[in-house]
Amino acid sequence: MSNERLRSALLAQGMTVQELADSIEVNPKTVERWITQGKVPYRRHQYATAARLGVDVTTLWDDSRIVDTAADLSKAEIVTIYPHRYMVPNHLWREIYESAEERIDVLVYSGLWLSEDPLFLDLLKRKVQGSAQVRILLGDPDCAAVHQRGIDEGHRIMDGKIRNALVNYRPLFMSHPDIGFRLHDGTLYNSVFRSDDEMLVNAHVYGIGAYMAPVLHLRRLPGGGLFDTYANSIEQTWGSARPVSDHDITGA
C-alpha cells in the first residue's frame, strides 16, 4: 500500500524525492519505496523526514512500530559523536555557523582556538550585519569557576587563555557593537556552540583539556528534548552574565 500522506507532504513543500533524500542522507530509491510501497523507515529517518517536511511524524506514519516518546526523539537528535574534539573536522565548525540565519551562540570558558581563526571572525562580522543574533559568552577570568577549571585541566592558566581570547575579539568588540559579548562566572560542564537548530556540545572531563573530550553533534527535532536542554543552558548563562567592558578588552 502506498503512503499518500508522505506523497502529499512532499507536494505541499514543493520538494522532490531527490531533494528529500539528499537532505536526510538516504538513497532516493529508499524514499521511493516509502511512498510507492508503504515501507516504514527507521525511526531516525521518520523523525528527520517529518522535521524536513514540517509535519508531525504521526501524520506520515501511524505504524505500530512508531513509539513517539521524548527518549526516542532525543536519540534521533544526535547526528554523530566524536570521541575527541580534535577529531571534529575543521570545516564543520565554520559550515555550521555559516548556515546560521537567526542565531549564533558560543558558550565557553575561553574558546581560544575559535578566537584565533580569522575566517570565524570574518563570519561573525557578516552574520551580525545580516539578520543573525551573535552572542559570545566567555568565562570571567577573575572568577572562582575559571580558576578551578584551570586546576581541573592541570595547567592553571585558564584565566590567561580567556584574556588572550578577549584580545583576539577586541577588533570585533570595537567595530561591531551588535555582537553580544558577556562574561559569566558559572561552572560549565560543557562548551556549547549553537547555530540555529544545529549544535556542537563539547563535554568537560576532569583531568583533561576540552580538546581531548567528546563532542556531540546535535540537530533539533520537534518534540526532542536533548537539543533544548543545552539551548536552555545558554539562555540561563547569558541572563546571569555581565557585559564585557572596555577594561576587560583593553586592560586599561
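Everything here concerns the structure above.
The present account deals with the structure reproduced in this document. Here the structure is a predicted model, which means the values were calculated and not measured.

1. A word on the overall build of the chain
- If you tally the helices and strands in the chain, you get 13 helices and 8 strands.
- For the chain, the spread of C-alpha atoms along the three principal axes comes to 70 × 40 × 30 Å.
- By residue count, 46% of the 252 residues in the chain fall in the buried class.
- Of all intrachain contacts in the chain linking residues separated by at least 6 positions in sequence, the fraction that spans at least 24 positions is 69%.
- Of the accessible surface of the chain, which amounts to about 12,900 Å², a share of 50% is contributed by carbon and sulfur atoms.

2. Let's talk about the pairing of strand 2 (residues 103-107)
- Counting buried residues along strand 2, 4 of its 5 residues qualify, which places the element largely inside the surrounding structure.
- Alignment of strand 2 against strand 3 (residues 133-139), held across 5 bridges, turns out to be parallel. Counterpart to Val106 in the pairing with strand 3 is Ile136.

3. Some points on the pattern of salt bridges
- Applying the stated criterion to the full structure yields 15 salt bridges.
- Arg242 is paired through a salt bridge with Asp140; the nearest N and O atoms lie 3.3 Å apart. Of this pair, Arg242 sits in strand 8 (residues 242-243) while Asp140 sits in the loop between strand 3 and helix 10 (144-153); the two residues are 102 residues apart in sequence, bridging distant segments of the chain.
- Overall, Arg242 belongs to the partly exposed group, its relative accessible area being 32%.
- By relative accessible area, Asp140 is classed as buried at 14%.
- Close ionic contact of Arg242 with Asp248 constitutes a salt bridge, the shortest N to O distance being 2.8 Å.
- Classification of Asp248 as buried rests on a relative accessible area of 18%.
- Connected through salt bridges with shared partners, the residues Arg103, Asp105, Arg135 and Glu235 form a single ionic network.

4. A closer look at helix 11 (residues 158-175)
- Helix length check: helix 11, at 18 residues, gives a terminal C-alpha distance of 26 Å against a target of 26 Å (1.5 Å per residue), a fit within 8%.
- Remark: the principal bend of helix 11, roughly 50°, maps to Tyr169, with a proline, Pro171, within the next four residues.

5. A short note on the environment of Lys29
- Following the sequence through the fold, Lys29 ends up in helix 3 (residues 28-36).
- Here Lys29 falls in the exposed class, since its relative accessible area comes to 60%.
- Spatially, the C-alpha atom of Lys29 lies 8.8 Å from that of Gln18, the residues being 11 residues apart in sequence.

6. Digging into the packing of aromatic side chains
- Taken as a whole and assessed by the stated rule, the structure comprises 7 aromatic pairs.
- Taking the centre distance of 5.1 Å and the plane angle of 80° together, the rings of Trp93 and Phe193 count as edge-to-face. You can see Trp93 sitting in helix 7 (residues 90-98) and its partner Phe193 sitting in strand 5 (residues 190-195), a full 100 residues away along the chain.
- For Trp93, a relative accessible area of 7% translates into the label buried.
- Under the relative-accessibility criterion, Phe193 is labelled buried at 2%.

7. A look at unusual backbone geometry
- Despite not being glycine, Glu25 has its phi angle at roughly 65°, a positive value.
- Note that Glu25 resides in the loop between helix 2 (17-24) and helix 3.
- Its identity as a non-glycine residue notwithstanding, Arg156 has a phi of 60°, on the positive side.
- Mapping Arg156 onto the fold places it in the loop between helix 10 and helix 11.
- What makes Arg156 exposed here is its relative accessible area of 58%.

8. Observations concerning a nonpolar patch on the surface
- Taken together, Tyr86, Met87, Tyr211 and Met212 make up a surface patch of nonpolar side chains, about 420 Å² in accessible area.
- Residue placement: Met212 occurs in the loop between strand 6 (198-203) and strand 7 (215-219).
- Here Met212 falls in the partly exposed class, since its relative accessible area comes to 30%.

9. Some details on the packing of helix 2 against helix 4 (residues 43-53)
- The contact between helix 2 and helix 4 brings their axes to 10 Å, and the two run at 120°. What the angle tells us is that helix 2 and helix 4 run oblique. Where helix 2 crosses over helix 4, the handedness of that crossing is right-handed. Where helix 2 abuts helix 4, its residues Leu20, Ser23 and Ile24 lie against His45, Ala48, Thr49 and Arg52.
- Here the contact of helix 2 with helix 4 is composed, by residue class, of 3 nonpolar, 3 polar and 1 charged.

The rules behind each value
Residues numbered from 1 in each chain as written. Predicted model: local features only at pLDDT ≥ 70, side-chain atom pairs only at ≥ 80, totals over all residues. Heavy atoms only, no water. Helix = DSSP H or I, 4+ residues; strand = E, 2+ residues; numbered from the N terminus. Buried < 20%, exposed > 50% of the residue type's maximum accessible area, 1.4 Å probe, protein only. Contact = heavy atoms within 4.5 Å. Areas by Shrake-Rupley, 256 points an atom, 1.4 Å probe, with all protein chains shown as cover. Pairing = 2+ DSSP bridges. Salt bridge = Lys/Arg side-chain N within 4 Å of Asp/Glu carboxyl O. Expected span 1.5 Å × (residues − 1). Bend = angle between axes of the 7 residues up to and from the residue. Phe/Tyr/Trp six-rings, centres within 6.5 Å; stacked < 30°, edge-to-face > 60°. Patch = residues over 30% accessible without salt bridge, like charges linked within 9 Å, V, L, I, M, F, W, Y side chains within 5 Å. Axes fitted to C-alpha atoms, helices over the stretch in contact; angles between N-to-C directions. Parallel < 35°, antiparallel > 145°, perpendicular 65-115°, else oblique. Left-handed = near helix turned anticlockwise from the far one by under 90°. Nonpolar A, V, L, I, M, F, W, Y, C, P; charged D, E, K, R; others polar.

Distances and angles like these do not, on their own, reveal function.
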